[in-house]
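Listed below are the residues making up each chain.
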Amino acid sequence: MEFKQLVDTAEKWCTGNPFDLIFAEEDDERRLDFYAEPGISFYVLCPDNMTGGTDNFHVWSESEDCLPFLQLAQDYISSCGKKTLLEVLDKVFRSFRPLLGLPDMDEDTFEQYHADVEDESETDHQQMGVSQQ
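Worth saying up front: this structure is predicted, and the values here are computed from it rather than measured. (Residues numbered from 1 in each chain as written. Predicted model: local features only at pLDDT ≥ 70, side-chain atom pairs only at ≥ 80, totals over all residues. Heavy atoms only, no water.)

1. Digging into the confidence of the model for the chain
Regions with low pLDDT carry predicted coordinates that are not meant to be interpreted in detail. The condition is simple: As a per-residue quantity, pLDDT reports the predictor's confidence and falls between 0 and 100. In this description, contact between two residues means that some pair of their heavy atoms is separated by no more than 4.5 Å.
In this model, the chain carries a mean pLDDT of 82, and residues with pLDDT of at least 70 account for 74%. When the criterion is pLDDT under 50, residues 107-118 qualifies, and its contacts beyond four places in sequence or with other chains add up to 1 contact. Between residues 120-128, whose pLDDT stays under 50, and residues either more than four places distant or in other chains, the model counts 0 contacts.

2. A few points about helix H2 (residues 71-78)
Convention followed: Buried, partly exposed and exposed residues are distinguished by accessible area as a fraction of the type maximum, computed with a 1.4 Å probe on protein chains only: under 20%, between the cut-offs, and over 50%, respectively. Segments assigned H or I by DSSP are reported as helices when at least four residues long, segments assigned E as strands when at least two residues long, and all are numbered from the N terminus. Think of the arc as the fan of directions from the helix axis to the C-beta atoms.
Looking at H2, one finds that the buried residues are Ala73, Gln74 and Ile77. Looking straight down H2, one finds its buried side chains confined to an arc of 100 degrees; they lie on one side. Turning to H2, the residues buried within the fold contact strand S4 (58-60) and helix H3 (85-96).

3. Observations regarding the pattern of salt bridges
Between side chains of opposite charge, a pair can form as their charged atoms come close. The test is simple: Should a side-chain nitrogen of Lys or Arg be within 4 Å of a carboxyl oxygen of Asp or Glu, the pair is scored as a salt bridge.
Under the criterion given, the structure shown has 4 salt bridges. Its salt-bridge partner being Lys4, residue Asp8 comes within 2.9 Å of it at the nearest N-O pair. Highlighted residues: Asp8 and Lys4, both in helix H1 (residues 3-14), separated by 4 residues, approximately one helical turn. The class of Asp8 is partly exposed, set by a relative accessible area of 27%. Judged by relative accessible area, Lys4 falls into the exposed class, the value being 55%. In this structure, the salt-bridge partner of Asp33 is Arg31, at a minimum N-O distance of 2.7 Å.

Structure below.
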């Protein structure tokens, strides 16, 4: 993908969350730098298939406080299959939700699912009871 398209995608992604694209550099690394308050920063190195560069995205932060939160996104990128920039950025955003003071979406989804399963299982047990004659 052309770097200009990647920058456009990153700018659109920033409109829906607290991050700002603060730097985009095409010549050496094809690097996109992002920042959000309170001091959360990371960058994405974009693949460059045209010139034989890296074929996967790479996320990193120069902030030691941010690095542990990027593990989820790094694992996702290294898993099977090609990823889009938007998929990578969404995974990074999900990883940083606790630092941004936002609830963890995955836990909320799990709790709702778990509650639904419990409700259904109680109903099933009541229906499956042996009737006394």
